[in-house]
Amino acid sequence: MPAVARVAVNVFRESVRDKVLYNLVAFAVLLMAASYLIGQLTAGQDVKIIKDLGLAAIATFGLLIAIFIGIGLVWKEVERRSIYSILSKPVSRAQFVVGKYLGLVLTLSVNVIVMSAAWYLVLAYMATTVGEATAATATDPAMLKAVALIFVELMLVTALALFFSTFSSPFLSAGLTMGLWVAGHFNEDLRNFQSVVDSTAAAWLARGLYYLLPNFAAFDVKYQVVHGLPVPASYLASTALYGAVYITLLLVASVAVFSRRDFK
Amino acid sequence: MALAALLASAVGLQILRERQPPLTSGQDQLLYVRSPEAMKRLALSYDSLLADVYWIRAIQHYGDTKRSTGADKSYGLLYPLLDLTTSLDPRFNAAYQFGAIFLAEQPPAGPGQPAQAVALLEKGIKAQPDNWRLLQALGFIHYWWYEDYPTAARWFAEAARQPEAPVWMAPLAAVTLAQGGNRNASRQMWRSIAENERDEWFRLEALRRLQQLDALDQMDALRRGLGDYRSRTGRPAVRWEDLIGARFLRGVPLDPLGLPYRLVDGDVALDAQSRLLPLPNPATLR
């Protein structure tokens, strides 16, 4: 097994040992309880709300895992001094960083797949309790487009958290990652900043940040899939490609920073 | 064992606390963020989910207020909650349709704000100009609450022009224009909905409107009977038994929900508990 894969599998095993996958139980309980309670409260909108709730929960659980495990990926090894024994083996620093990243992505993918399956099961059950028109779209496979983009978004958040964890403390890394995630949802405002300020310099600065900061809002097509609106394949492909390029950039930067660190 | 005892104590204390009178909070009508624009910013990528939360709050606010028996009955939060819901999710059709019905309903069953219902529906139509259900709902508000039949007919005709509109929409527009205010035209409108509506709540609401129209017909017939009784005996009936004794009626007349009609000062009225109240204006709905 290549060194990268060994590191990745180890991260996955560690997350299982740390009971990270217990969040799947929380997700299942949340959805099942909500599907029962919401039916009593929402005047026939239960399927729409379970769609919204499921997608939001997949994104939120994934975000928490990506940030709070991502920030400790490198830091923990350094803090425990286990980095010395790892790097004394035939594992390069680049392999270590990429392996750590892929390990957490593997954990996230298991999470997202299981949560999506549970979500579809709950929706399939609910489809049996509602009218024909609502039932026909309850388990629309097109909703997986939103799940796919959520997964790419989580991969990008993981890459950000990993990047920060190569040179800063977990607390700071979490703050920076969360801050960038929030800022990434205000991207549209940065682009249109000139309409609210008179200063040309400020408008250009905002425009520069718009292009520079990761545009997390682009990965959000939850609204479109829940309402059955089209999400063209070209949009999916270009957004996924944008995510892939940004992730590669962050991984290269992480390797570069980590390679320069002195552990002697 | 200790944990179980502590948990049981906590549950017991909670039961005891419940028996105490609630503290005065004065915060029943609290809405922290009223600006839809601000809320859209704050929602990040959770706008649809937040719309659901506000929708549930709107339903609870409407239901709780409708059921309350207090003198200070206020639906003040209903429109702001619906506005937030539909700003966060501009395609939340149930919020437009149900919301408009809730807003237009006359007190005490609702705030009696058809203007807000119109504003909400126009907002929805702006977001989805080809949604025939919203156009139809706007026509209803003009028909039912404003008794403005030409405007209602215009919105029904607009709804009929949309690609997914049902076939009965165009005749409804024509009948409304020709016979607006006619009880039969109204009956035709609600019957079309009762027979074709997919949503159970709207279907039941249409059936309730049909029962209201039946009640208006029955009350007219009873008034005719009261007039005949007076002509024949030279005195007004004060109890249903007077009409039963004179063989005008076979028994105490019941409304479409099975509650007895009341005879008040020589006129017919629904029972105060009837779910058919308030009835549409019989003077304008001939």
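Residues numbered from 1 in each chain as written. Chains lettered and ligands numbered in written order. Predicted model: local features only at pLDDT ≥ 70, side-chain atom pairs only at ≥ 80, totals over all residues. Heavy atoms only, no water.

Draft legend 1. The overall build of chain B, seen in detail. On a plain count of helices and strands, chain B comes out with 12 helices and two strands. The N-to-C order of helical and strand elements in chain B reads α-α-α-α-α-α-α-α-α-α-α-α-β-β. A compact globule built from 286 residues would reach a C-alpha radius of gyration of about 19 Å, whereas chain B, at 24 Å, exceeds it by more than 25%. Expressed along its principal axes, the backbone C-alpha trace of chain B runs to roughly 80 × 55 × 30 Å. The 286 residues of chain B split such that 45% are buried. Looking at chain B alone, contacts between residues at least 24 apart form 56% of all its contacts between residues at least 6 apart. Summed over its atoms, the accessible surface of chain B is roughly 15300 Å², and 55% of this surface lies on carbon and sulfur atoms. Where the 33 positive side-chain charges of chain B centre and where its 31 negative ones centre are 3 Å apart. (Helix = DSSP H or I, 4+ residues; strand = E, 2+ residues; numbered from the N terminus. Rg over C-alpha atoms; globule rule 2.2 N^0.38 Å. Buried < 20%, exposed > 50% of the residue type's maximum accessible area, 1.4 Å probe, protein only. Contact = heavy atoms within 4.5 Å. Areas by Shrake-Rupley, 256 points an atom, 1.4 Å probe, with all protein chains shown as cover. Lys, Arg positive; Asp, Glu negative; His and termini not counted. Charge placed at Lys NZ, Arg CZ, Asp CG, Glu CD.)

Draft legend 2. Seen up close, the overall build of chain A. What chain A contains, in helices and strands, is 13 helices and zero strands. For chain A, the N- to C-terminal ordering of α and β elements is α-α-α-α-α-α-α-α-α-α-α-α-α. Viewed in the frame of its principal axes, chain A has a C-alpha envelope of about 65 × 55 × 30 Å. Within chain A, buried positions represent 47% of all 264 residues.

Draft legend 3. How the structure looks around unusual backbone geometry. For the peptide bond that leads from Pro107(B) to Pro108(B), omega is 5°, which places it in the cis range. In this structure, Pro108(B) sits in the loop between helix H5 (93-104) and helix H6 (114-127). With a phi angle near 65°, Arg81(A) is a residue other than glycine that sits in the positive phi range. Its identity is not glycine, yet Leu44(B) carries a phi of approximately 50°, on the positive side. Locating Leu44(B) in the fold gives a position in the loop between helix H2 (36-42) and helix H3 (47-67). Overall, Leu44(B) belongs to the partly exposed group, its relative accessible area being 22%.

Draft legend 4. Region of the structure containing the interface of chain A and chain B. Facing the 22 residues of chain A at the interface are 19 residues of chain B. Summed over both partners, the interface of chain A with chain B comes to about 1900 Å²; 65% of that surface belongs to carbon and sulfur atoms. For the pair chain A and chain B, the interface holds three salt bridges. A salt bridge links Asp189(A) to Arg41(B), with the nearest nitrogen and oxygen atoms 3.0 Å apart. The interface formed by chain A and chain B includes seven residue pairs in polar contact (both at pLDDT 80 or more). Breaking the side of chain A that touches chain B down by element, the ones donating at least two residues are helix H3 (46-70), helix H9 (170-184) and helix H12 (222-226) of chain A. Looking at the side of chain A that touches chain B, the element that brings in the most residues is H3(A), giving seven residues. By residue class, the composition of the side of chain A that touches chain B is 12 nonpolar, five polar and five charged. (Buried area = accessible area lost by both parts, 1.4 Å probe. Salt bridge = Lys/Arg side-chain N within 4 Å of Asp/Glu carboxyl O. Polar contact = N/O pair within 3.5 Å; in protein donor to acceptor, adjacent residues only side chain to side chain. Nonpolar A, V, L, I, M, F, W, Y, C, P; charged D, E, K, R; others polar.)

Draft legend 5. Molecular detail of helix H8 (residues 144-165) of chain A. Here H8(A) spans 31 Å end to end across 22 residues, near enough to the 32 Å set by a 1.5 Å rise per residue. With 17 of its 22 residues buried, H8(A) lies for the most part within the structure. (Expected span 1.5 Å × (residues − 1).)

Draft legend 6. Geometry of the confidence of the model for chain A. Averaged over all residues, the pLDDT of chain A equals 88, while 97% of them reach at least 70. Of all the helices and strands in chain A, helix H2 (residues 22-41) of chain A carries the lowest mean pLDDT, 75, while H8(A) carries the highest, 96. (pLDDT = per-residue confidence, 0-100.)

Draft legend 7. Layout of a nonpolar patch on the surface. There is a patch of nonpolar side chains on the surface, built from Leu205(A), Leu209(A) and Leu212(A) and spanning about 300 Å² of accessible area. Along the polypeptide, Leu205(A) turns up in helix H11 (residues 200-212). (Patch = residues over 30% accessible without salt bridge, like charges linked within 9 Å, V, L, I, M, F, W, Y side chains within 5 Å.)

Draft legend 8. Geometry of the packing of helix H10 (residues 183-196) of chain B against helix H11 (residues 200-233) of chain B. All names here are of chain B. At their nearest, the axes of H10 and H11 sit 8 Å apart, and the two run at 155° to each other. The angle between the axes of H10 and H11 places the two elements in the roughly antiparallel class. In terms of crossing hand, the pair formed by H10 and H11 is left-handed. Only Phe202, Arg203, Ala206, Leu207, Arg209, Leu210, Leu213, Asp214, Leu216, Asp217 and Asp220 of H11 make contact with H10, whose side of the interface consists of Arg183, Ser186, Arg187, Trp190, Arg191, Ile193 and Ala194. Split by residue class, the contact of H10 with H11 holds nine nonpolar, one polar and eight charged. (Axes fitted to C-alpha atoms, helices over the stretch in contact; angles between N-to-C directions. Parallel < 35°, antiparallel > 145°, perpendicular 65-115°, else oblique. Left-handed = near helix turned anticlockwise from the far one by under 90°.)

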